[in-house]
Amino acid sequence: RRVLFRSGMSVATLLKDPRPFATLDLRIDYARPATPKKPVIAEAECYRITRSVAFTRAIAHQGDPKDPVAAAAGTFMLGTKGKVTRAQAISKEART
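This one's a predicted model, so the numbers in the text were calculated from it and none came from an experiment.

1. A look at the nonpolar core
Membership of the largest hydrophobic core is limited to six residues, which are V11, L15, C46, A54, F76 and L78. Setting aside chain neighbours within four positions, we find L78 in contact with V11, L15, R19, P20, F21, I49, T50, R51, S52, V53 and A54.

Below you can see the structure in the form of structure tokens.
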């Protein structure tokens, strides 16, 4: 679930103004079990954004990005009905 949050936040940080968006598709591939009691680091990027759709990819690892615990790819529809979330509003504040 954190990978989804990170993927969504990668979209939110690229929007000029906070606006709602919805998950169209999210694929998570679990590569291996995480080592217990060792932190899991999630890294995500929005690598393409169009007028209506954003494309993301993410990995989760425990210190070595070349040895991921999971990998994800997601697409998000921009400008959907709904309210701007607190996370989207915070990301706008962080850019200013």
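2. Description of the pairing of strand β3 (residues 53–61)
Of the strand pairs in this sheet, strand β2 (residues 41–49) and β3 are connected by eight bridges, and their pairing is antiparallel. Residue pairing across strands places E45 opposite R57, the latter belonging to β3. In this antiparallel pair of consecutive strands, β2 and β3, the connection spans three residues. Sheet analysis places β3 next to strand β4 (residues 70–78), joined by eight bridges and oriented antiparallel. Across the sheet, residue A58 finds its bridge partner in β4, namely A72.

3. What to know about the packing of aromatic side chains
Note on aromatic pairs: each is described by the distance of the centres and the angle between the planes. In the structure shown here, the tally under the stated rule is two aromatic pairs. The interplanar angle of 85° and the centroid separation of 5.8 Å between the aromatic rings of F21 and F76 together place this pair among those described as edge-to-face. Here the residue F21 occupies a position in strand β1 (residues 21–30), and F76 occupies one in strand β4, the gap between them amounting to 55 residues. A relative accessible area of 2% places F76 in the buried class. Where Y47 meets F55, the ring centres are 6.4 Å apart and the plane angle is 40°; that geometry is what we call tilted. Lying across the ring of Y47, R57 places its NZ or CZ 4.0 Å from the centre.

Thresholds, definitions, all that
The residue numbers shown here count from 1 along each chain, following its written sequence. The predicted origin of the model limits local features to residues at a pLDDT of at least 70 and limits the giving and counting of side-chain atom pairs to 80 or more, whereas totals for whole chains, interfaces and linings rest on all residues. Based on all heavy atoms of the structure, the side-chain values leave hydrogens and waters out of the count. Here the nonpolar core consists of buried residues drawn from Ala, Val, Leu, Ile, Met, Phe, Trp, Tyr and Cys, with membership extended through side-chain atoms lying within 4.5 Å. Only protein chains enter the accessibility calculation, which uses a 1.4 Å probe; a residue is then buried when its area is under 20% of its type maximum, exposed when over 50%, and partly exposed in between. Any pair of residues with heavy atoms lying within 4.5 Å of one another is described as a contacting pair. Strand pairing is assigned whenever DSSP detects at least two bridges linking the two strands. Strands are runs of DSSP state E lasting at least 2 residues, helices are runs of H or I lasting at least 4, and numbering of each runs from the N terminus. Two rings from Phe, Tyr or Trp (for Trp, the six-membered ring) form a pair when their centres are within 6.5 Å of each other. A pair whose planes differ by under 30 degrees is stacked, one over 60 is edge-to-face, and the rest are tilted. Put simply, a charge is over a ring when the Lys NZ or the Arg CZ is close to the ring centre, within 6 Å, and near the line of the ring normal, within 35 degrees.

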